[in-house]
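# Summary of structural features
Chain by chain, the residues:
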Amino acid sequence: ETFDLVRELRPFWSYFSIAMPYPGTAMFDEAKKNDLFLFDPDDLDSYDRRKAECIKSAEWTYQDLKRMVYDLNIEMNFLNNPYSDTAQHRAYLIAHIKKLMRRYPDHVIMRIVTGYLNKLQGEIGACHAYYKSARDLLRDESIADTYGRYLEWEHPIIQDFNAYRAAPDSPPDA
């Protein structure tokens, strides 16, 4: 339901994460009462939301949840960002993603989206430069393992990039 709601609302930028039941919260009390913790809830050093597998679930593993959350971040912040809808907002989104790329230089999806947005803005040279950099990054096995599955998504931005990669007349490597 949460995922559907955010798709309906289409915020400019979102950050989705897995909830951590901290001591003193109703979520903590519920988890403790139902023996749902995957760690000792009295060990305060275990409360690191970035790496803690914290709650038992009959529906999903922690890895499943991490993947669902990451996928939603990719979908909503990059592929379906409402700022890609107009030229004025696209320019802002391009600038925003460029700042993020300084922090995450190997983020293939950011490069693909920035390339596509530049294409929509009529900046074909910039589009090809970003697409080429994404294609080059994907030669690294660990990067391809991380981002390759997104290249299978049925989305116009992904399809455009895949067409670029497959085209015999795509600009050659420098």
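Now for a quick tour of the structure. (Residues numbered from 1 in each chain as written. Predicted model: local features only at pLDDT ≥ 70, side-chain atom pairs only at ≥ 80, totals over all residues. Heavy atoms only, no water.)

Tallied over the full model, the rule gives twelve aromatic pairs. With centroids separated by 6.3 Å and ring planes inclined at 50 degrees, the aromatic side chains of Y70 and Y150 adopt a geometry described as tilted. With Y70 in helix 3 (residues 62–79) and Y150 in the loop between helix 7 (141–147) and helix 8 (156–166), this pair connects stretches of sequence that are 80 residues apart. Judged by relative accessible area, which is 33%, Y70 ranks as partly exposed. (Phe/Tyr/Trp six-rings, centres within 6.5 Å; stacked < 30°, edge-to-face > 60°. Helix = DSSP H or I, 4+ residues; strand = E, 2+ residues; numbered from the N terminus. Buried < 20%, exposed > 50% of the residue type's maximum accessible area, 1.4 Å probe, protein only.)

A full pass over the atoms with the stated rule returns nine salt bridges. Residue D85 pairs with R10 through a salt bridge whose shortest N-O separation is 3.1 Å. With D85 in the loop between helix 3 and helix 4 (87–103) and R10 in the loop between helix 1 (2–9) and helix 2 (26–33), the pair connects residues that are 75 residues apart, well separated along the chain. Residue classification places D85 among the partly exposed residues on the basis of a relative accessible area of 46%. Put simply, R149 and D71 hold a salt bridge, and the shortest N to O gap is 2.5 Å. Residue R149 is located in the loop between helix 7 and helix 8, and its partner D71 is located in helix 3; the two are separated by 78 residues in the primary sequence. You can call D71 buried: its relative accessible area is 16%. (Salt bridge = Lys/Arg side-chain N within 4 Å of Asp/Glu carboxyl O.)

Attention now goes to helix 3. Over its 18 residues, helix 3 runs 24 Å from end to end, which matches the ideal 26 Å to within 8%, given 1.5 Å per residue. Within helix 3, the full set of buried residues consists of Y62, V69, D71, L72, N73, I74, E75, M76, N77, F78 and L79. Contact partners of the buried residues in helix 3: helix 1, helix 4, helix 5 (108–120) and helix 8. (Expected span 1.5 Å × (residues − 1). Contact = heavy atoms within 4.5 Å.)

Taken together, D106, D140, E141 and D145 make up a surface patch of like negative charges. Overall, the relative accessible area of 63% leaves E141 in the exposed class. (Patch = residues over 30% accessible without salt bridge, like charges linked within 9 Å, V, L, I, M, F, W, Y side chains within 5 Å. Areas by Shrake-Rupley, 256 points an atom, 1.4 Å probe, with all protein chains shown as cover. Lys, Arg positive; Asp, Glu negative; His and termini not counted. Charge placed at Lys NZ, Arg CZ, Asp CG, Glu CD.)

In contact at an axis separation of 7 Å, helix 5 and helix 6 (residues 124–137) are set at 160 degrees when each is read in the N-to-C sense. For the element pair helix 5 / helix 6, the angle class is roughly antiparallel. The handedness of the crossing between helix 5 and helix 6 is left-handed. Contact residues: helix 5 offers V108, R111, I112, T114, G115, Y116, N118 and K119, while helix 6 offers I124, A126, C127, Y130, Y131, S133, A134 and L137. Across the contact of helix 5 with helix 6, the residue classes tally to ten nonpolar, four polar and two charged. (Axes fitted to C-alpha atoms, helices over the stretch in contact; angles between N-to-C directions. Parallel < 35°, antiparallel > 145°, perpendicular 65-115°, else oblique. Left-handed = near helix turned anticlockwise from the far one by under 90°. Nonpolar A, V, L, I, M, F, W, Y, C, P; charged D, E, K, R; others polar.)

By volume, the largest pocket is sized at about 680 Å³. Lining the largest pocket are 24 residues, and of these Y15, F16, Y70, N73 and Y104 lie nearest its centre. Where the lining of the largest pocket is concerned, the elements lending two or more residues are helix 3 and helix 4. By residue number, the principal contributor to the lining of the largest pocket is helix 3, which donates eight residues. Class assignment for the residues of the lining of the largest pocket results in 14 nonpolar, five polar and five charged. Computed from the structure, the second largest pocket encloses a volume of approximately 280 Å³. Lining the second largest pocket are 16 residues, and of these I18, I55, K56, S57 and L65 lie nearest its centre. Elements with a minimum of two residues in the lining of the second largest pocket: helix 2 and helix 3. Looking at the lining of the second largest pocket, the element that brings in the most residues is helix 2, giving three residues. Residue composition of the lining of the second largest pocket, by class: eleven nonpolar, two polar and three charged. (1 Å grid on protein atoms, 1.4 Å probe; cavity = no way out; pocket = protein on both sides within 12 Å on 5 of 7 lines; lining within 4 Å. Points joined across faces, edges and corners; volume = space filled by probe spheres on them.)

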